[in-house]
Amino acid sequence: MSDDHMRTTVPEAVAAVLGWPVAHSLSPRLHGFWLREQGIAGTYLGLPVAPESFGVAVRGLAAAGFRGANVTVPHKLAALRLADEVDDAARAIGAVNTLVFQPDGRILGRNTDAYGFMANLRQAGVDPQVGPALVIGAGGAARAAVHALLVAGCPRIYLTNRTEATGYALAESMADDRIIVLPFNCLKNMPDDIVLLGNTTSLGMAGKGVLDVDLSGLSETARVHDIVYVPLETPLLRAARQRGLRTVDGLGMLLHQAVPAFRAFFGRDVAVTDGLRAHVLGGK
Ligand code: ATR
């Protein structure tokens, strides 16, 4: 048995991702990479937690000395409700993906998805201030993307969703007149001024349907981003590449959203590198 398996007390710093299910989560793999890279005596676990046990589990982990937890589907709303205090992004998006346990027992709720969305685009050289974006979708991921674009100073955000009413509800809750809701058939005839097209729906994911878009109207400098990362090159990104447009894949957002969480749990600033990408991809 390795030393790891014989450990009987918790290491210095422990954090986890809570999901139901959680086996598919890449978070243990990516936090594990940084823990090793940084030489930190810490552990990051994937813990399957059923919805009805979420509150008990979180308080139990806090009581047991965990530093915090990431939360994924289906717990992001429950985490928002449970947190004693939430940051601006979590409030605007309506979801918490990172719980930070304070020494005084308070639980802070943060949302790092908007940060991850924008950090990924910026690393790819996208400047959100230079022109309008078109966001496809109106779910939690769309809320993170729209919030990030608003904070980053994007001058106009076109929003389109299969269920138009949900798009209007998102725009209304964000209360910013830079958001313009368009009918879903705009994907067949896109505004010609957009500099960023972003898919936040699950369409394009292996086993799901495919987005029906016509990219021919896009300017040749437009960038196309897909939040889906299985496959890494979605049909949307392939179509964009074939049109000669530069693309940004969705794995980067997952990696970047973990950076502030790692800092909160383990106290170090870490980077999203090619080495990290290769490690995380190697585990799939
Ligand atoms: P998440 O929190 O990951 O964003 P979600 O809240 O379930 O997930 O949102 C899913 C998004 O994908 C929604 O915008 C949804 O559109 P509807 O509001 O019309 O449901 C979109 N979506 C899912 N399946 C779709 C499909 N087959 N065609 C078009 N949009 C789809």
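Note that the coordinates shown come from a computational prediction; the quantities given were computed from them, not determined experimentally. Throughout, residues of each chain are indexed from 1 in the direction in which the sequence is written. The predicted nature of this model means local features are confined to residues of pLDDT at least 70 and side-chain atom pairs, given and counted, to a pLDDT of 80 or more, with totals for whole chains, interfaces and linings taken over all residues. Side-chain metrics rest on all non-hydrogen atoms present in the structure, leaving aside hydrogens and water.

Which residues make up helix H6 (residues 113–123), and what are the values?
Partly exposed describes any residue whose relative accessible area lies between the buried limit of under 20% and the exposed limit of over 50%, with all areas from a 1.4 Å probe on protein chains only and scaled to the type maximum. Numbering of helices and strands starts at the N terminus; helices are DSSP runs of H or I of at least 4 residues and strands are runs of E of at least 2. Burial of H6 is extensive: eight of the 11 residues sit out of reach of the surface. Here H6 has its buried residues at Asp113, Ala114, Gly116, Phe117, Met118, Ala119, Asn120 and Leu121. Once H6 finishes, Gly125 follows within two positions and takes phi at roughly 90°, a positive value.

Summarise the packing of aromatic side chains; cite the residues concerned and give the values.
Only Phe, Tyr and Trp rings are paired, with Trp represented by its six-membered ring, and only when their centres lie within 6.5 Å; those with planes under 30 degrees apart are stacked, over 60 edge-to-face, the remainder tilted. Within this structure, the stated rule accounts for three aromatic pairs. An angle of 85° between the planes, with centres 6.1 Å apart, marks the rings of Phe265 and Phe266 as edge-to-face. Each of the two residues, Phe265 as well as Phe266, counts as buried. Members of the aromatic cluster, joined through ring pairs, are Trp34, Phe262, Phe265 and Phe266.

Tell me about the sheet that holds strand E4 (residues 85–86), and please be specific about residues and values.
We treat two strands as partners when DSSP finds at least two bridges between them. The strand order E2-E1-E3-E5-E6-E4 describes an open sheet built from six strands, whose pairing is mixed. Looking at strand neighbours, the two that pair on one side only are strand E2 (42–48) and E4, the edges of this open sheet. As defined by bridge partners, strand E3 (residues 68–71) adjoins strand E5 (residues 98–101) across three bridges and the pair is classed as antiparallel. Pairing of Gly68 across the sheet is with Val100, part of E5. Contacts are residue-level and defined by heavy atoms, with any inter-residue pair within 4.5 Å sufficient. Helix axes are fitted only over the stretch in contact, all axes being lines through C-alpha atoms; the angle between N-to-C directions runs from 0 to 180 degrees. Docked against the sheet, helix H2 (residues 27–38) engages strand E1 (13–19), E2 and E3, running at close to 175° with respect to E2. Packing against the sheet, helix H10 (residues 251–266) makes contact with E1, E2, E3, E5 and strand E6 (107–110), and its axis sits at approximately 15° to E5.

Tell me about the pairing of strand E7 (residues 133–136), residues and numbers included.
Within a regular beta strand, the side chains point alternately toward one face of the sheet and then the other, so they alternate between its two faces. The two faces of E7 match: Ala133 and Val135 on one face and Leu134 and Ile136 on the other face are all buried. Inspection of the sheet shows E7 paired to strand E8 (residues 157–160) by four bridges, in the parallel sense. Paired with Leu134 across the two strands is Tyr158, which belongs to E8. Considered for its hand, the β-α-β crossover made up of E7, helix H7 (residues 140–151) and E8 is right-handed. In this structure, E7 lies alongside strand E10 (residues 196–199), joined through four bridges in parallel fashion. Counted as the bridge partner of Ala133 is Leu196 from E10. By convention, orient the strands away from the viewer: a clockwise path from the first strand over the helix to the second makes the crossover right-handed.

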